[in-house]
Number of protein chains: 2
Amino acid sequence: MATLQDIGVSALINLFGAFLFLIAFAVLRIQPINDRVYFPKWYLSKERSSPRRSDGTLVGKFVNLNYKTYFTFLNWMPQAMKMSESEIIRHAGLDSAIFLRIYTLGLKIFVPAMVLALVVLVPVNVSSGTLFFLKKELVVSDIDKLSISNVQPKSSKFFFHIGVEYLFTIWACYMLYREYDNVATMRLQYLASQRRRPEQFTVVVRNVPDMPGHSVPDTVDQFFKTNHPEHYLCHQAVYNANKYAKLVKQRERLQNWFDYYVLKHQRNPHKKPTCRTGFLGLWGNKVDSIEYYQEQIKEFDHNMSLERQKVLKDSKLMLPVAFVSFDSRWGAAVCAQTQQSKNPTLWLTSNAPEPRDIYWQNLAIPFISLTIRKLVIGISVFALVFFYMIPIAFVQSLANLQGLDRVAPFLRPITRLDFVKSFLQGFLPGLALKIFLWILPTVLLIMSKIEGYIALSTLERRAAAKYYYFMLVNVFLGSIIAGTAFEQLDSFLHQSPSQIPRTIGVSIPMKATFFITYIMVDGWAGIAGEILRLKPLVIFHLKNMFLVKTERDRERAMDPGFVDFKETLPSLQLYFLLGIVYAVVTPILLPFICVFFAFAYLVYRHQIINVYNQQYESCGAFWPHVHGRIIASLLISQLLLMGLLTSKKAADSTPLLIILPILTLAFHKYCKHRFEPAFRKYPLEEAMAKDKLEKETEPELNMKADLADAYLHPIFHSFEEEFSSEEKDVESHREVEIPEVRVDKHETMSSSSVTELGTPSHHHHQVYNSSSPTSHYASAYEQSSSQYEYHYDAHQYEQHEYRYN
Amino acid sequence: MATLQDIGVSALINLFGAFLFLIAFAVLRIQPINDRVYFPKWYLSKERSSPRRSDGTLVGKFVNLNYKTYFTFLNWMPQAMKMSESEIIRHAGLDSAIFLRIYTLGLKIFVPAMVLALVVLVPVNVSSGTLFFLKKELVVSDIDKLSISNVQPKSSKFFFHIGVEYLFTIWACYMLYREYDNVATMRLQYLASQRRRPEQFTVVVRNVPDMPGHSVPDTVDQFFKTNHPEHYLCHQAVYNANKYAKLVKQRERLQNWFDYYVLKHQRNPHKKPTCRTGFLGLWGNKVDSIEYYQEQIKEFDHNMSLERQKVLKDSKLMLPVAFVSFDSRWGAAVCAQTQQSKNPTLWLTSNAPEPRDIYWQNLAIPFISLTIRKLVIGISVFALVFFYMIPIAFVQSLANLQGLDRVAPFLRPITRLDFVKSFLQGFLPGLALKIFLWILPTVLLIMSKIEGYIALSTLERRAAAKYYYFMLVNVFLGSIIAGTAFEQLDSFLHQSPSQIPRTIGVSIPMKATFFITYIMVDGWAGIAGEILRLKPLVIFHLKNMFLVKTERDRERAMDPGFVDFKETLPSLQLYFLLGIVYAVVTPILLPFICVFFAFAYLVYRHQIINVYNQQYESCGAFWPHVHGRIIASLLISQLLLMGLLTSKKAADSTPLLIILPILTLAFHKYCKHRFEPAFRKYPLEEAMAKDKLEKETEPELNMKADLADAYLHPIFHSFEEEFSSEEKDVESHREVEIPEVRVDKHETMSSSSVTELGTPSHHHHQVYNSSSPTSHYASAYEQSSSQYEYHYDAHQYEQHEYRYN
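So, how was this worked out
- Within each chain, residues carry numbers counting from 1 in the order of the written sequence.
- Whichever chain is written first becomes A and whichever ligand is written first becomes 1, with later ones labelled in order.
- Only residues with pLDDT of at least 70 are given local features in this predicted model, and only at 80 or more are side-chain atom pairs given and counted; all residues enter the totals for whole chains, interfaces and linings.
- The side-chain numbers reported here are obtained from all heavy atoms of the structure, hydrogens and water having been left aside.
- In this description a helix means any DSSP run of H or I spanning at least four residues, a strand means any run of E spanning at least two, and both kinds are numbered starting from the N terminus.
- Only protein chains enter the accessibility calculation, which uses a 1.4 Å probe; a residue is then buried when its area is under 20% of its type maximum, exposed when over 50%, and partly exposed in between.
- We call two residues in contact whenever any of their non-hydrogen atoms come within 4.5 Å of each other.
- Under the convention used here, a 1.4 Å probe and the Shrake-Rupley method define accessible areas, while residue burial counts only the protein chains that appear.
- One bridge is not enough; two strands pair if DSSP finds at least two bridges between them.
- Structural elements are reduced to axes, namely lines fitted to C-alpha atoms, with helices fitted over the stretch in contact, and the angle between N-to-C directions of any two is expressed from 0 to 180 degrees.
- Throughout, the accessible surface (probe 1.4 Å) given up by two parts as they are put together, summed over both, is called the buried area.
- Take a side-chain nitrogen of Lys or Arg and a carboxyl oxygen of Asp or Glu: if they are within 4 Å of each other, that pair is a salt bridge.
- Each polar contact in these results corresponds to two N or O atoms within 3.5 Å; when the atoms are within protein, one needs to be able to donate a hydrogen and the other to accept it, and residues that are neighboring in sequence are counted only if both atoms are side-chain atoms.
- One less than the number of residues in a helix, times 1.5 Å, gives the span that helix is expected to have.
- Copy-to-copy alignment: least squares on C-alpha atoms, limited to residues at pLDDT 70 or above in both.
- Our angle categories are set so that under 35 degrees counts as roughly parallel, over 145 as roughly antiparallel, 65 to 115 as roughly perpendicular, and the remainder as oblique.
- By the definition used in this description, the sense in which the near helix is turned from the far one sets the handedness, with an anticlockwise turn below a right angle giving left-handed and a clockwise turn giving right-handed.
- Residues are sorted three ways: Asp, Glu, Lys and Arg are charged, Ala, Val, Leu, Ile, Met, Phe, Trp, Tyr, Cys and Pro are nonpolar, and all the rest, Gly among them, are polar.
- Working definition for bend: take the seven residues up to and ending at a residue and the seven starting at it, fit an axis to each, and measure the angle between the axes.
- In this scheme Phe, Tyr and Trp rings, the latter by its six-membered ring, pair at centre separations within 6.5 Å, and the angle between planes marks the pair as stacked below 30 degrees, edge-to-face above 60, and tilted otherwise.
- For patch detection, residues must exceed 30% relative accessible area and be free of salt bridges, and they are connected within 9 Å for like charges or within 5 Å for nonpolar side chains (Val, Leu, Ile, Met, Phe, Trp, Tyr).
- When charges are counted, Lys and Arg are positive and Asp and Glu negative, with His and the chain ends excluded.
- Here the site of a charge means atom NZ of a Lys, CZ of an Arg, CG of an Asp or CD of a Glu.

## Things to note about the overall build of chain A
Step number 1: A tally of helices and strands in chain A yields 38 helices and six strands.
Step number 2: For chain A, buried positions account for 58% of its 805 residues.
Step number 3: Here the contacts in chain A between residues at least 6 apart in sequence split such that 82% fall between residues at least 24 apart.
Step number 4: Accessible surface, chain A as shown: approximately 34,400 Å² in total, 62% of it carbon and sulfur.

Next comes the structure, spelled out in structure tokens:
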């Protein structure tokens, strides 16, 4: 049990850390040289093409010499608040705007709750204690004196707590209702105001049945011509491009070698680089490397174009999936919402995700396999959630003082120091947990992929759900109750259901200090780290030094990043859970939560305006999950309060408290019916209105041309472009040229990432930026190639991978 | 604990009772006079218009004189088996055919299970007992010796039981899958083969928004013309006819009095009947009753026609509901399956039920009210399920020997008799339960009505679901564990979750005898009683004697009845539960279940072919519930077996058993996805095919005329007809005339029931059947009027009620 002093130390450390990050950020962001790290969004939206600079000197190009700007180091905060919500929607998309609303929702729920709890509950709790008449120091030395633990059993003062819980629940539900209403309206307005996009007219059809003697496109064409005769327009088949993708990868490797030898030759023009053709280049004939690889690449390109033709023509490589387009939004909405065939496992239709949102690999999974996959992943997630805690518990047992003393007794003199002691108790447990949680989202994303969802946005939401369950069991329950999650599960199975909330309820007030430190480490310092963007900063400058030749290269070197919903949403939901559970139990936790929400709101607002570039637009499809989990948190808090009060022998309050979960559930059901369809189905009324408007404004519209290639596998899109630029490239490989890569509007992200991967040659065999000296060629190459791998870290690498398969 | 002997006595009693019923049935059914009681279906389908008779004499018209037919008293059984399934579908509808399939499914699941269990488990159980080497009498004196209780703890013989449970689950799932597949196919085939019906083209739209300045029909018309321009045809508004329905009731009462005085005058032509006009006829002016009521009725008819005009014209009396018809099945299917408005609580569309299936009263419930109603009813059902047991437990405590001795010690000499003792122990507890369960379905139906479902078929299914929960908790759990359900709930809340299946599991083998008697009382004797149709028999003959003047009247006096899904489905599901739970625990129960299924199958097949006339056709919409509850039974049995084995200290078997529920759940999920949509949505492929076929065969079709009045409130339909016939009636009230009541095709049931209620006059003031002597007039009237009330018993009365409001 940490004392208030420990928390004070921890708070100081974290505040100091956060402050340090903020100072660093304030200094770094006003340097022109960092402009592309801290304001990439403006470059992407073409509103800025070169850094703002304080003066015209050469030094001023890199360093901010205007000393005045250093004194206003917090002025990003008011700047972040300047943009209105509708501007944010235009600037960064609806997802980002709705994401920010989660933070304001947190503030709206918790600030009044905090005021109420601090005004009503803290005095009640303090006045109830047996320690009230003792010295002030004693009272404040333990945070428990401010919590419900301080109230004596059977006290009638618990009715204050019940009353506050009622008020709080009603207030939270009211806020949730208003917010759901707002978000649903925003979503529909956004959809209504969107310009024409292929996904509005398109439906993805899965499990096309195999008709003997008919190819997939024929079957699809015939089916939709028969069953949607009035609105069916055309369709796009999906190809199994796995083999082609493999060739693409091999060609990349060859290209890398080629680039390497070209570079080598450049550095030492007198010596022709040679290599052996045999296994791993260890034996075989010695040949001129550049010519050899040039030859190989040529051959490969020939093979690839053959393979490409084959893929596009061979009906066996066509997957039983199609993107079916209609001549109106109404037709597409009807097709997506209705059942097509009498066998409900065939002709499964759903709204097509945006082309850039599709996870191509999962399109071909048959129905029965989906059932099995879901079962297997369900069991795996369960196992992961309940067994993952074992290593965490081990580390945590190390990270407390007694454990540390036991494992490393020689450290005792150090750990006996008051400051170190406080640091260890306040800081380490939270940090250990955080590190363990770091690799988890990737694992969960892979699991969601195996489950077979076809849109990246859905994958992220599913991964977020799994992450939330994990956090709920391991962070929340796991921290409250000692022992591994599996032990908990076991003990819960052997306890009575009414005993469980009691067991947890009793421990809850005692863990308030832990969660306060957790909020400070994960929340405050974590968010401050987010704004500093240390990793992109370093990477950008490395790239800038060694790779960038042209403005286009510099643009590519920017890594704006994005709001990573699959990590941020679950942790946000955990903060909601903590706030809701502790609102009545230990109200002193609320100020920490409120500071977190306010600070994170500012930071993310700044980042969304200036930095992040979202990968896709789901129009707030995650809101029902956010809403649902806040409701779940309310239910959990009510159950736990009930358990806590039972243990306080205030059993006569149980009937009063049992009404609350029932009402909360009813409220949830109502909201679900009232708002959720807006997130699942496109109303016909809206579709028809949009269609009509469009027909009036653009009566002569060639829809078919627009839709023709929108849903072609991106690999075919981008390598068409690649080829044209690459081939030129190989032929004229010592000239400086700026490749004219046309970036398709809807393919921005994928094709640009593909381009980056496919043409590393651009970076290496051309004249470098004047600022980097020629003698650095070799090391530059090595660095850049290692950085190249580094750059494609966990997340990006994956993304790359699934786009290719 | 009843002994095998007790069961033997009980079985004998029940077998004897069943046998008696069957003999009575065999004798009664071949009497020509009972022909309309035992073969009404043939009269309704117009395949029979007069009883088959053995000879042409007058006596032969009433009594079967062909003595040979008496010897073949069981020949209804092979007769019942003669008709093929497709004939049954044509003859009695799909619901009946699918209902029969539940019984064959029971046989398919339980007969092989019985063979397996008796061959494998009974020897294992018997051989394990410590009593194996003792005398044979001892072994058979207790049914427990055949059950799993006889196996010693920690015995490895439990692996036999686990193996059988595995085999049984796999077998049951295989059968369930095949059956679901069959039923879904049958349903789709039936829908495809149906001739044109209004519900195929119609969608019910609820929560039409209130547009200021527009009437509901205008709003609806405009909305659907805009959003379904290609297929919208017309719509039918729904009127609030509550006031009109009240007038109809009052007029009925007047008509009754009028009939009474006419009859009185007929019996005593010399004395004009008089009455007083004041309060309850106790004071006021004395007037000629016949003239007075004639006058009153005339006035009423005038008021009613005014009110009728008002209802049809006043836009304020229009409900925000409409039946919207389309020009194709495709259009209707699309509208029913899609979301219309961006506010998902407005313009709620769903497939329209058949006109005769609609529960008019619930059409006008707004969305928010539905949420609240569901919450309230949910809580009420919970309370009902858990508190209803208190009176049952009281009666059951009386109905055992000790209880009876305590309450009525003077009965001790009688209860000490062996036979009486066995009778009491074997028979009474089951009977007490049965009586309590008798009034329950009505209560549950009313609850479902409050919940706001708009189709009678849905109401019945919802009531059936509630009844099932009730039976599960009170009959199954309540019988296994002593004490009221609320006590159980309380004790469960204070037990660990893993303890609950153990507690129940341990008691299960001990309650096998109780359930065997229950199967015999409720199943065997109950089903035999079903075939005898004692109540309809008596009522028919009373009606026939006193009311019937014409063939049409005789037709009306028939009460064919129908399969009452809301009672039969839950009890069937209870039998499945019992069979599944005891299959491994006490296999000796299985033969009783199998006999029940076989016998009930025969009886219901006979009844469906010869007697029942279903009220509506839901095309097997109840099957998903049947399937789901059998799966639930499998899960329950697996959990309980796990608990039982834990208590037998065969804990190492738990991992083996824990896989089973997971697989069962996965199987259920798969089936749900694979088959359930066929019961919820009409596939567009089917709709389009049907539309096309129709367009080819009948190119010039005036759909609008067909659909115009199909969904008018039946009260307007029928009273239009009523008025024409009634008014004639009142004017010429001593002539014999056969009223020409046109019975609308789709309104058969409702309008005929209305006619029966609205015109009791037909029965009374006209010349009676020659067989009933004139001197019986007075008593005949009294009898027929009391019978009249009796005839409209619980169920029918209600039905009448909701059709009028």
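## Thoughts on the sheet that holds strand β1 (residues 202-206) of chain B
All names here are of chain B.
Step number 1: Pairing is antiparallel across the open sheet formed by four strands, whose spatial order is β2-β5-β1-β6. The sheet is open, and its two borders are formed by β2 (232-239) and β6 (348-351), each paired with just one other strand. This sheet shows a mean twist of 30° between the axes of neighbouring strands, independent of strand direction.
Step number 2: In this structure, β1 lies alongside strand β5 (residues 318-326), joined through four bridges in antiparallel fashion. Each residue of the ladder has a partner; that of valine 205, found in β5, is alanine 322.

## Notes on the interface of chain A and chain B
Step number 1: The interface of chain A with chain B comprises 47 residues on the first partner and 48 residues on the second.
Step number 2: With both sides pooled, the region where chain A packs onto chain B buries about 4,100 Å², and carbon together with sulfur makes up 65% of that total.
Step number 3: For chain A, the biggest contributors to the area lost against chain B are Gln339, Lys342 and Glu685 of chain A; these three give 14% of the whole.
Step number 4: Linking chain A with chain B are two salt bridges.
Step number 5: The shortest N-O distance in the salt bridge between glutamate 686 of chain B and lysine 342 of chain A comes to 3.9 Å.
Step number 6: Scanning the region where chain A abuts chain B turns up 14 residue pairs in polar contact (both at pLDDT 80 or more).
Step number 7: When residues of the side of chain A that touches chain B are traced back to their parent elements, those giving at least two are α11 (216-227), α14 (329-337), α15 (367-387), α22 (485-493), α30 (654-675), α31 (677-680) and α32 (684-697) of chain A.
Step number 8: The greatest single-element share of the side of chain A that touches chain B, amounting to six residues, is contributed by α30 of chain A.

## A word on the pairing of β2 of chain B
Note on strand geometry: in a regular strand, side chains alternate between the two faces of the sheet.
Residues and elements named next belong to chain B.
Step number 1: Most of β2 is tucked away: seven of the eight residues are buried.
Step number 2: Bridging between β2 and β5 involves six bridges; their strand directions are antiparallel. Directly across from alanine 237, in β5, lies its bridge partner alanine 322.

## Let's talk about helix α30 (residues 654-675) of chain B
Step number 1: Over its 22 residues, α30 of chain B runs 32 Å from end to end, which matches the ideal 32 Å to within 8%, given 1.5 Å per residue.
Step number 2: Buried within α30 of chain B are the following residues: Leu657, Leu660, Pro661, Thr664, Ala666, Phe667, His668, Tyr670, Cys671, Arg674 and Phe675 of chain B.
Step number 3: Structurally, α30 of chain B contributes buried residues whose contacts are with α15 of chain A together with α9 (158-193), α29 (623-647) and α31 (677-680) of chain B.

## Structural notes on the sheet that holds strand β1 (residues 202-206) of chain A
Residue and element names in this part refer to chain A.
Step number 1: Within the open sheet, the four strands sit side by side as β2-β5-β1-β6. Their pairing is antiparallel. Each having just a single partner strand, β2 (232-239) and β6 (348-351) make up the two edges of the open sheet. Within the sheet, the average angular offset between the axes of one strand and its neighbour, ignoring direction, is 30°.
Step number 2: Set on the sheet, α11 makes contact with β1, β2 and β5 (318-326); between it and β5 the angle comes to about 35°.

## A word on the relation of the copies chain A and chain B
Step number 1: Of the transformation placing chain A onto chain B, the axial shift is 0.0 Å and the rotation is 180°, giving an RMSD of 0.2 Å. Interpreted geometrically, this transformation is the action of a two-fold axis.
Step number 2: Looking at the interface residues of chain A, 100% of them are also at the interface in chain B, so both copies use one shared face.

## Let's talk about the packing of helix α27 (residues 565-585) of chain B against α29 of chain B
Residues and elements named next belong to chain B.
Step number 1: Closest axis-to-axis distance for the α27/α29 pair is 9 Å, and the angle between their directions is 30°. As far as their axial angle goes, α29 and α27 are roughly parallel. Here the hand of the crossing between α27 and α29 comes out right-handed. On α29, the residues that touch Leu569, Gln573, Phe576, Leu577, Ile580, Val581, Val584 and Val585 of α27 are His625, Val626, Arg629, Ile630, Ser633, Leu634, Ile636, Ser637, Leu640, Leu641 and Leu644.
Step number 2: Of the residues contributing to the contact of α27 with α29, the split by class is 14 nonpolar, four polar and one charged.

## Digging into the pairing of β1 of chain A
All names here are of chain A.
Step number 1: Burial analysis of β1 places five of its five residues in the buried class, which makes it a mostly covered element.
Step number 2: The two faces of β1 match: Thr202, Val204 and Arg206 on one face and Val203 and Val205 on the other face are all buried.
Step number 3: In the sheet, β1 pairs with β6 via four bridges, with the strands oriented antiparallel. Paired with arginine 206 across the two strands is leucine 348, which belongs to β6.

## Some thoughts on helix α24 (residues 512-532) of chain B
It helps to recall that an α-helix has 3.6 residues per turn; residues three or four apart then point in one direction.
Residue and element names in this part refer to chain B.
Step number 1: Relative to the 30 Å expected for 21 residues at 1.5 Å per residue, α24 spans 29 Å between its end C-alpha atoms, a close match to the ideal helical length.
Step number 2: Where α24 bends most, at glycine 526, the angle is about 30°.
Step number 3: Within α24, 18 of the 21 residues are buried, leaving the element largely enclosed by the surrounding structure.
Step number 4: Following α24 by one or two positions, arginine 533 adopts a phi angle in the positive range, close to 50°.

## A few points about the environment of serine 86 of chain B
Residue and element names in this part refer to chain B.
Step number 1: Residue position: serine 86 is located in helix α6 (residues 85-92).
Step number 2: Given a relative accessible area of 41%, serine 86 falls into the partly exposed group.
Step number 3: In the structure, serine 86 is positioned 100 residues away from methionine 186 in sequence and 9.8 Å away in space, judged by C-alpha atoms.
Step number 4: A polar side-chain atom of serine 86 sits 3.3 Å from a polar atom in the side chain of serine 84.

## Here we look at the packing of aromatic side chains
Residues and elements named next belong to chain A.
Step number 1: Following the criterion strictly, the structure yields 64 aromatic pairs over all chains and no others.
Step number 2: Ring centres of phenylalanine 99 and phenylalanine 565 lie 5.7 Å apart, and the angle between their planes is 70°; this geometry places the pair in the edge-to-face category. On the criterion of sequence distance, the pair formed by phenylalanine 99 in helix α7 (residues 94-128) and phenylalanine 565 in helix α27 (residues 565-585) is long-range, its members being 466 residues apart. Neither phenylalanine 99 nor phenylalanine 565 differs from the other in exposure class; each is buried.
Step number 3: With centroids separated by 3.8 Å and ring planes inclined at 10°, the aromatic side chains of phenylalanine 223 and tryptophan 347 adopt a geometry described as stacked. Of this pair, phenylalanine 223 sits in helix α11 while tryptophan 347 sits in the loop between α14 and β6; the two residues are 124 residues apart in sequence, bridging distant segments of the chain.
Step number 4: Residue classification places tryptophan 347 among the buried positions, given a relative accessible area of 4%.

## Some thoughts on the packing of α9 of chain B against α27 of chain B
Residues and elements named next belong to chain B.
Step number 1: Direction vectors running N to C along α9 and α27 enclose 150°, while the axes themselves pass 9 Å from each other. Our classification of the angle between α9 and α27 gives roughly antiparallel. In contact with His161, Val164, Glu165 and Phe168 of α9, α27 contributes Ile580, Ala583 and Val584.

## Observations regarding the pattern of salt bridges
Step number 1: As enumerated under the stated definition, the model contains 32 salt bridges over all chains in all.
Step number 2: Here glutamate 354 of chain A makes a salt bridge to arginine 356 of chain A, at a shortest N to O gap of 2.9 Å.
Step number 3: Linking arginine 329 of chain B and glutamate 694 of chain B is a salt bridge whose minimum nitrogen-to-oxygen distance equals 3.0 Å. On the criterion of sequence distance, the pair formed by arginine 329 of chain B in helix α14 (residues 329-337) and glutamate 694 of chain B in helix α32 (residues 684-697) is long-range, its members being 365 residues apart. We note that arginine 329 of chain B, like glutamate 694 of chain B, is buried.

## Concerning a positive patch on the surface
Step number 1: Judged by side-chain charge, Lys264, Arg267, Lys271, Arg276 and Lys286 of chain A come together as a positively charged surface patch.
Step number 2: Its location among the elements puts arginine 267 of chain A in helix α12 (residues 242-267).

Coordinates in, geometry out; function isn't part of it.
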